[in-house]
Amino acid sequence: MSQNPSSPKRNLMFLFRFCLAALVGLAVYSCKAPKSVSDNTDIQAVDQQAEETSQSGDQSAIRMQKEKEIKSYQPSARKDFDILHTNLDLEFDWENQIVIGKARIQAKPYFSAEKVLVLDAKDFELGAISLITADSAQKLSYRYDEKQISVFLPREFTSRDTFEVEINYKAFPERNSGEGSAAITDTKGLYFIDPMDTIPNKPTMIWTQGETEHNSKWFPTIDKPNERFTHSIRLTVPESMVSVSNGILVKQENLGNGSRKDYWEMNLPHAPYLVAIAVGNFGKVETTHGDVPLGYYVEKGFEKGASKVFENTPKMVAFFEKKLGVPFPWQKYDQIVVRDFVSGAMENTTASIFMEELRLNEREAIDSEWDYIIAHELFHQWFGDLVTTESWANLTLNEAFANYSEYLWNEHHYSHDQAALKLVAEMEGYFAESEQKQVNLIRFDYQDSEDMFDAHSYNKGGVILHMLRKYLGDEVFFRSLNEYLKKHAFQSVEVHDLRLAFEKVSGEDLNWFFNQWFLSKGHPELSIEVDYSEPENILISITQLQDLTEFPLFQFPLQVSWYEGKECKSKQFMVTEGEQFFALENGVPIDLVYIDEGKNLLARRTQNISNSQFLRQFKESHLGVARYEALDSLVSREAKEELMEVLPLALKDSFWSIRENALGHLQSDPEWKTKIPSLEELVYDLVENDPRNSVRSAAIDVLGIWEPEKYAPTFRRLANNPSYLIAGSALMAMIQGEENSIDAEFIESLAGNQNFRIVIPVAEYYLKDKVAGKGEWFETNLTRLTGEGLYYFLGYYSEYFVRLPEEGKSQAVSKLLSILQNNTKDYLRMGAFQALLGFSEDPEVIKMLEKAAEKENVTELRTYFNYFLEMLKE
Ligand SMILES: [Zn+2]
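Residues numbered from 1 in each chain as written. Predicted model: local features only at pLDDT ≥ 70, side-chain atom pairs only at ≥ 80, totals over all residues. Heavy atoms only, no water.

### Overview of the overall build of the protein chain
Across its full length, the protein chain carries 28 helices and 29 strands. A globule of 874 residues ought to have a C-alpha radius of gyration of about 29 Å, and the protein chain, at 30 Å, matches this closely. Seen along its three principal axes, the alpha-carbon backbone of the protein chain occupies a region of about 90 × 85 × 70 Å. Residue burial in the protein chain is summarised as follows: out of 874 residues, 55% are buried. Nonlocal contacts in the protein chain, meaning residues at least 24 apart in sequence, comprise 67% of its contacts between residues at least 6 apart. Accessible surface computed for the protein chain: about 38,500 Å², of which carbon and sulfur atoms make up 49%. A gap of 4 Å separates the mean positions of the 90 positive and 135 negative side-chain charges of the protein chain. (Helix = DSSP H or I, 4+ residues; strand = E, 2+ residues; numbered from the N terminus. Rg over C-alpha atoms; globule rule 2.2 N^0.38 Å. Buried < 20%, exposed > 50% of the residue type's maximum accessible area, 1.4 Å probe, protein only. Contact = heavy atoms within 4.5 Å. Areas by Shrake-Rupley, 256 points an atom, 1.4 Å probe, with all protein chains shown as cover. Lys, Arg positive; Asp, Glu negative; His and termini not counted. Charge placed at Lys NZ, Arg CZ, Asp CG, Glu CD.)

### Side note on the packing of helix α8 (residues 456-472) against helix α9 (residues 474-488)
Viewed as axis vectors pointing N to C, α8 and α9 meet at an angle of 125°, and their least axial separation amounts to 6 Å. As the angle between them shows, α8 and α9 are arranged oblique. Contacts between α8 and α9 involve L465, L468, R469 and L472 on the former and, on the latter, D474, V476, F477 and F478. Of the residues belonging to the contact of α8 with α9, the class tally is 6 nonpolar, no polar and 2 charged. (Axes fitted to C-alpha atoms, helices over the stretch in contact; angles between N-to-C directions. Parallel < 35°, antiparallel > 145°, perpendicular 65-115°, else oblique. Nonpolar A, V, L, I, M, F, W, Y, C, P; charged D, E, K, R; others polar.)

### Examining the sheet that holds strand β9 (residues 190-193)
Strand pairing within a sheet occurs via backbone hydrogen bonds; the two strands may be parallel or antiparallel. Spatially, β9-β10-β15-β12 is the arrangement adopted by the 4 strands of the open sheet, whose pairing is antiparallel. Across the chains shown, the open sheet's two edge strands, defined by having one partner strand only, are β9 and β12 (242-245). Averaged over all neighbouring strand pairs, the angle between strand axes comes to 15°, with direction disregarded. Note: strand β10 (residues 205-208) against strand β15 (residues 277-280), 3 bridges, orientation antiparallel. From the neighbouring strand, I206 faces β15, where its bridge partner is V279. (Pairing = 2+ DSSP bridges.)

### Quick notes on the pairing of strand β4 (residues 124-132)
Note that β4 and strand β8 (residues 163-171) share 7 bridges and pair antiparallel. Residue pairing across strands places I129 opposite I167, the latter belonging to β8. Strand direction decides the pairing type here: β4 and strand β5 (residues 137-139), joined by 3 bridges, are antiparallel. Across the sheet, residue L131 finds its bridge partner in β5, namely Q138. Taken together, β4 and the strand that follows it, β5, pair antiparallel across an intervening segment of 4 residues.

### What to know about the side chain of S729
Turning to its location among the elements, S729 is positioned in helix α20 (residues 724-736). Those residues in contact with S729, other than ones at most four positions away along the chain, are S697, I700 and D701.

### Concerning the sheet that holds strand β11 (residues 229-238)
Taken in spatial order, the 8 strands make up an open sheet running β5-β4-β8-β2-β1-β11-β14-β13, and their pairing is mixed. Where the open sheet ends on each side, the last strands, each with one partner, are β5 and β13 (248-254). Each strand of the sheet is rotated relative to its neighbour by a mean of 20°, with strand direction disregarded. Direction of pairing for β13 relative to strand β14 (residues 259-270): antiparallel, over a ladder of 6 bridges. Bridging from a neighbouring strand, E253 pairs with K261 of β14.

### A look at the coordination of the zinc ion
Around the zinc ion, the protein supplies M1 (N), M1 (O), H376 (NE2), H380 (NE2) and E399 (OE) as donor atoms, at distances of 2.1 to 2.2 Å. Each donor residue of the zinc ion lies on the same chain, and together they follow the pattern M-x374-H-x3-H-x18-E. Highlighted residues: H380 in helix α5 (residues 371-380) and E399 in helix α6 (residues 396-414), separated in sequence by 19 residues. This pair shows no difference in class: H380 is buried, exactly as E399 is. (Donors = N, O, S within 2.8 Å, 3.2 Å for Na, K, Ca; no water.)

### Focus on the packing of aromatic side chains
Working definition: an aromatic ring pair is given by the centre-to-centre distance plus the angle between the planes. One pass over the structure, following the stated rule, counts 63 aromatic pairs. The interplanar angle of 75° and the centroid separation of 5.8 Å between the aromatic rings of W94 and F192 together place this pair among those described as edge-to-face. You can see W94 sitting in the loop between β1 (81-93) and β2 (98-109) and its partner F192 sitting in strand β9, a full 98 residues away along the chain. No difference in accessibility class separates W94 from F192, as the two residues are buried. Where F833 meets F865, the ring centres are 4.2 Å apart and the plane angle is 15°; that geometry is what we call stacked. (Phe/Tyr/Trp six-rings, centres within 6.5 Å; stacked < 30°, edge-to-face > 60°.)

### Quick word on the pairing of strand β25 (residues 556-564)
Relative to strand β26 (residues 567-575), β25 is paired through 9 bridges, and the arrangement is antiparallel. Opposite L558, over in β26, you have F573 as the bridge partner. The turn linking β25 back onto β26 is made up of 2 residues, and G565 within it adopts a positive phi angle of 65°. Direction of pairing for β25 relative to strand β28 (residues 594-595): antiparallel, over a ladder of 2 bridges. Bridging across to β28, V560 finds its partner in I595.

### What about empty space enclosed by the protein?
Summed over the entire model, instances satisfying the criterion amount to 2 cavities of 30 Å³ or more. Empty space within the second largest cavity amounts to approximately 40 Å³. In this structure, the second largest cavity is lined by N403, Y404, E406, Y407, K422, L423 and E426. For the lining of the second largest cavity, the secondary structure elements donating two or more residues are α6 and α7 (416-434). For the lining of the second largest cavity, the leading source of residues is α6, giving 4 residues. Residues of the lining of the second largest cavity, tallied by class, amount to 3 nonpolar, 1 polar and 3 charged. (1 Å grid on protein atoms, 1.4 Å probe; cavity = no way out; pocket = protein on both sides within 12 Å on 5 of 7 lines; lining within 4 Å. Points joined across faces, edges and corners; volume = space filled by probe spheres on them.)

### Things to note about the side chain of S798
Along the polypeptide, S798 turns up in helix α24 (residues 787-803). A distance of 2.8 Å separates a polar atom in the side chain of S798 from the backbone oxygen of A835. The residues touching S798, leaving out its near neighbours within four places in the chain, are L816, A835, G838 and F839. (Polar contact = N/O pair within 3.5 Å; in protein donor to acceptor, adjacent residues only side chain to side chain.)

### Observations regarding the confidence of the model for the protein chain
Should pLDDT be low for a region, the predicted coordinates there are not to be read in detail. Averaged over all residues, the pLDDT of the protein chain is 92; the fraction at 70 or higher stands at 93%. The low-confidence segment residues 6-43 (pLDDT under 50) makes 22 contacts with residues lying over four places distant or belonging to another chain. (pLDDT = per-residue confidence, 0-100.)

### Digging into a negative patch on the surface
A cluster of like negative charges, contributed by E529, D531, E534, E536 and E579, occupies part of the molecular surface. If you trace the backbone, E529 turns up in strand β23 (residues 525-531). With a relative accessible area of 53%, E529 lands in the exposed category. (Patch = residues over 30% accessible without salt bridge, like charges linked within 9 Å, V, L, I, M, F, W, Y side chains within 5 Å. Salt bridge = Lys/Arg side-chain N within 4 Å of Asp/Glu carboxyl O.)

### Structural notes on the environment of Q617
Structurally, Q617 can be placed in helix α12 (residues 611-620). The class of Q617 is buried, set by a relative accessible area of 4%. Between the alpha carbons of Q617 and A712 there is a distance of 38 Å; along the sequence they are 95 residues apart. Other than its neighbours up to four places away in sequence, Q617 contacts L592, Y594, A626, R627, E629 and A630.

### Remarks on the pattern of salt bridges
Enumeration according to the criterion identifies 50 salt bridges in this entry. A salt bridge links K569 to E564, with the nearest nitrogen and oxygen atoms 3.3 Å apart. According to the relative accessible area criterion, K569 is partly exposed, its value standing at 29%. One salt bridge in this structure joins E645 and K619, with 2.4 Å as the shortest N-O distance. With a gap of 26 residues between them, E645 in helix α14 (residues 640-650) and K619 in helix α12 connect regions that are remote in the sequence. The class of K619 is partly exposed, set by a relative accessible area of 47%. Connected through shared salt-bridge partners, D89, R234 and K261 make up one network.

Quick look at the structure:
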């Protein structure tokens, strides 16, 4: 599964993280604060007594701690039964949001003879349950507690018996639904979207989200990742709609009453959480990779966009097959874009489901950058679906691989530099989380399985795989993955299975690596010193500063590199001590070395690197990630002198991220225009000629600040560019010009555009030029926009009606309130709250905000709301 990515949300989370970290810091400090010195003279006697009491106290505290550990241990689910096949026949009561189902489950006892079959089935109403034999159906008695059904079998069955039970039921996904996690925001299992088609601009659809244990909200099963079965699903759907599920569509039967029955067959076993259906008015784009049919399902009208968004899928399948030496394991691969998805995307076997952000029209798809999430879900078809974590404690066995596939695809298809920089971003994500919590990657003491979907399981897991690859080399690494996949195909695994595969192929004991990275917490905190006093034999000292009572003393290879002219030389040392010295024995005198120049090691480091050394690093390193680091460090240090030299080079750098970063800096500090007159020409060249639209757009942003009038004709031309990134920036640049020469007619020609990159500048124009009579335009766009675009729009929307209340203030307030109360994305609820603050002079609005704050489920958001409401009172 992919977490829901969104920049506004990330900023919000960062804000919360910061606050939480401060609180945690305080708590730790007060625990560790020294006790006040006592004036008791008989210190020794008191000490003796205290020691005895404290020893027995310590013992009991330790005992309680150990008892707690035993109780909180989250094991793999015990197997009493094994389901072999599930046969579902489903209809939907759209109006009441009910699944009407008949399930036939073929099962057998796992090992011991059993008499009571226990199935997960959450919030069902049950009808008859029967034992099915060739010629009869025998009614069975059962007990049901709203979560599990205990079916009383007529006799004891042994593991050599297979039996079949039929369960007639209604499932109510809406009942007891509630808060999920950061990765999955709800737990209904099956979602009816606008079921009665009452919401304008919203399509009617059904989709499911099984991970972690939510599919038992719509069919009875053993809802655990270490279960596996084949299945047949029959879906009765409106004739006008399309259905998608796992496996192959084998038959469609017209029922004559406006409905149709679709027969889906999944004849390869997989885990219950990977079962999925989607039903809606989808269009489909079809293509193939070899014999594997590929389908991209998306709302009708977006097919051309989907062809572009998902266009690299066949190449990705081919690339992963080649790397892994294991052909795509399933019958077909469909990718379905839905509305209101509760996560980024989900790797259901043969049928991945994606959030609506991937629904782009042809023009929007020009700038699509969704390869990473497409690669992530695709790689899961091997890691997660073919070979599955046996328990949520081992979740990283699914997610580390999916996360690392993003690196692999970047490295293969785009560039090594792009992959390396992405890896640094993954590390940063983990380090940010590590401010709050540091836990073992494989952890058996989680409270809720949803807690496992964090930057440890994803980011840290991916980086660890990368470090293992660097340590073992590509040949051993990918050969080991092949061994692991082949040995455990269609099985569940735990982390030791992975280690054993690497050990078998490499012929090397790897306990040390797995123990420190997978079964312990933390990361090296390094203090690095380089002694240049003997230029032909540089000395390097590495000290590990992490608290060794809590974290391991890490062992890791350390790459040291330097340049002799244009030639890069390097040596690798193995760090195995807390404080270790290495002599480089470089021979040819040098005055600068790089420690882990490629940023392959997950470690926090402190090292004295001067501005002039960063300047040199920028100029000499062959690695984009090292040049990026140098630029970024000089910018954050405000090293103006060095930047004088670096910025012009950065704008011509071969790595687009560096060009984009440099432009971002020029935008935030406009004085560079006069400091380095030659920059303007360079920036203009990027506007016209950069191969990446995001760089062209950033360059336009810079010229829009520097010389809005001079480049007005350029902006006017580019405002019609097919790329929304470019057109949006050009339009904004035109509008921001002091004496903007925009004619109202031109704006009106764009005002019907639905893409937020155009909508936002148009809104900016209406506000800036105090245009009236646009209330309806603002209303229309509020209902049309979603996600990130809506977030940015909310502020403009509110500002317009604050200025012109007569155009519909009360409607605006109630619409914002509806977003605040009902939107499933927390950053949009936050955006609506901020927008409503614009109306805070109205005491009625304040009352509404207070009520909404009370009802907010997410604690951090509620705190944020209350904080502002308190401020208003003061
Ligand atoms: Zn994933």
